[in-house]
Amino acid sequence: MDKILVHICCGVDSVYALRKLKEDFPNSQLIGYFYDPNIHPEEEFELRWIETKRVCDELSIECIKGEYELDRWVEAVKGYENEPERGERCTICHDVRLSKSAYVAKQLGCNKMTTVLMMSPKKDFDVLKEVGEKVASQYGIEFLAVDFRKNGGTQIMNKLSKESQLYHQNYCGCIYGLFGQKKNVEFYPELVSFGKGRLAGSREELLFVKQIRLFAENLGLECKEEEFSFIGWRLISSSVKLNKDYVNHKVLPYSATIKGVVRGTVLDVDGNKVLLNKDNVEVFLTDSLNEPVLHEHRAFTKPVFFISEKVNVGDKLEFQLKAEFDPTMKSQNLYIGDRETFKEIKEFYSDTDMEGNQGYKLEEICRFIENNKDSIKKGELMVAIYGAHLVGNLGKRFSSIRTLEFSAQ
Ligand code: SF4
């Protein structure tokens, strides 16, 4: 029996290509190999991997996750950073990915190999064929040059990818390609990772949702994502000084930028609100900067700061704040279970603050789903994971689930 190693770059490119290979080689064993050290940043690599895994699991194809060898890739394309897409850098990039794939194919005892990169309309088929044949022959393996785009392949891929609600990336993968694709932009959200946090609308938030979806689908549960757009808010920098010393603080999402510096004197403290002799900023005292203090979300507001210091009448406060608004943000809700028949709903949310606080842990949600999978399967219980919660409970506001009265956690 033929054993075919399929190099995979993402879920979208594999959703039809793997089906086609299964059809064309019904008596062969397919093994997926996700090897893409070109992808930047690592969270994007993880996101594409999760989506690849979802596709392979659905088709019962084993898939191996290759290592994220970014240093190796950067070294290989050194000197070709400014090449245009489909230029010399891309040929080297294909070489790096397919050489390692050929090596792995040999280790696994495969006699054939191919790549779903040949699905992408942005890739040069002839170059892929040439590189593939060269690296495969070094290990005595046959390279299958399949033009998946032929006979309406691209249209079928788009349809399948929509049906499976696959993440559709908007750049090839590497940092250099992105700079070439988007000229004259000041900010590249695709390249930013937010450390431990999963900010509303970020890749990290989406990755979290996709991880839960993969887990739930593997338990045989019905999942549906619902995407929504919103005006995003990003804090660029902020500082608060109390009597000339910097203090820890937090800024309320959607606070406006301060031009220059605002300096004020404390006139009084009313409960947790600090009254200043300036009314263009607001200050609240809080015991914990991880707890939200305002009960009502403010969509667009003057700058609002939270501090956990002791403040006295006559103290001097100084504020700086730079934030930006992004009208192109997207987030999503995930529903697990039957959205029509449920009698009970359990709600979670997917975003956290910058430091990764005020949110749920993956294990916590997965444990709940696993413990309640029978009631979910019966259609009695539905789990909802709302996006963009901490910037004003947006996921729930945009949710199409309106049949029951319930409250977010
Ligand atoms: S643009 Fe795409 S194919 Fe070309 S080097 Fe970058 S990641 Fe590789």
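Throughout this document, residue positions are counted from 1 along each chain, in the order its sequence is written. Note on the predicted model: pLDDT of at least 70 is required for a residue's local features to be given, and 80 or more for side-chain atom pairs to be given and counted; whole-chain, interface and lining totals, by contrast, use all residues. Processing note: side-chain calculations cover all non-hydrogen atoms of the structure and skip hydrogens and water entirely.

Some remarks on unusual backbone geometry
- Proline 41 follows histidine 40 through a cis peptide bond whose omega is -5°.
- As for its position among the elements, proline 41 is in the loop between strand 2 (29-34) and helix 2 (42-58).
- With a phi angle near 80°, lysine 244 is a residue other than glycine that sits in the positive phi range.
- With respect to the secondary-structure elements, lysine 244 resides in the loop between strand 6 (223-242) and strand 7 (245-246).
- Throughout, exposure labels follow a simple rule: accessible area from a 1.4 Å probe, protein chains only, divided by the maximum for the residue type, with under 20% read as buried, over 50% as exposed, and the rest as partly exposed. For lysine 244, a relative accessible area of 74% puts it in the exposed group.
- Its identity is not glycine, yet glutamine 358 carries a phi of approximately 60°, on the positive side.
- Numbering of helices and strands runs from the N terminus, with a helix taken as a DSSP run of H or I at least four residues long and a strand as a DSSP run of E at least two residues long. Within the secondary structure layout, glutamine 358 lies in the loop between strand 14 (344-349) and helix 9 (362-371).

A few points about the packing of aromatic side chains
- Pairing of aromatic rings covers Phe, Tyr and the six-membered ring of Trp, with a centre-to-centre limit of 6.5 Å; geometry is then stacked below 30 degrees between planes, edge-to-face above 60, and tilted otherwise. Throughout the structure, instances matching the rule amount to 17 aromatic pairs.
- Ring centres of phenylalanine 228 and phenylalanine 230 lie 6.1 Å apart, and the angle between their planes is 45°; on these two criteria the pair is classed as tilted.
- For the pair tyrosine 349 and tyrosine 360, a centre-to-centre distance of 5.2 Å together with 75° between the ring planes defines the contact as edge-to-face. Of this pair, tyrosine 349 sits in strand 14 while tyrosine 360 sits in the loop between strand 14 and helix 9, and the two are eleven residues apart along the sequence. Like tyrosine 360, tyrosine 349 is buried.

As for helix 5 (residues 125-138)
- For helix 5, with 14 residues, the first-to-last C-alpha span of 20 Å sits near the 20 Å given by 1.5 Å per residue.
- Contact partners of the buried residues in helix 5: helix 4 (88-107), strand 4 (112-115) and strand 5 (142-143).
- Pairs of N or O atoms are called polar contacts if they sit within 3.5 Å, as long as, within protein, a hydrogen donor faces a hydrogen acceptor (for residues adjacent in sequence, only side-chain-to-side-chain pairs). Looking at where helix 5 begins, the residue whose side-chain oxygen comes 3.1 Å from the main-chain nitrogen of aspartate 126 is aspartate 124.
- Count one or two residues on from helix 5 and you reach glycine 140, which has phi positive near 65°. By this rule the span expected of a helix is its residue count minus one, scaled by 1.5 Å. Between two residues, a contact is recorded if the distance between any of their heavy atoms is within 4.5 Å.

Re the pattern of salt bridges
- Each reported salt bridge corresponds to a side-chain nitrogen of Lys or Arg within 4 Å of a carboxyl oxygen of Asp or Glu. With the rule as written, the count across this model stands at 29 salt bridges.
- Note that glutamate 44 and arginine 203 form a salt bridge whose closest N and O atoms lie 2.7 Å from each other. Here the residue glutamate 44 occupies a position in helix 2, and arginine 203 occupies one in helix 8 (residues 203-218), the gap between them amounting to 159 residues.
- The buried category is assigned to glutamate 44, whose relative accessible area is 1%.
- Of the charged contacts in the structure, one is a salt bridge between arginine 234 and glutamate 324, with a shortest N-O distance of 3.2 Å. Of this pair, arginine 234 sits in strand 6 while glutamate 324 is found in strand 13 (residues 316-336), placing the two residues 90 residues apart along the sequence.
- One salt-bridge network, held together by shared partners, links Glu51, Arg54, Lys210, Arg213, Glu217 and Glu225.

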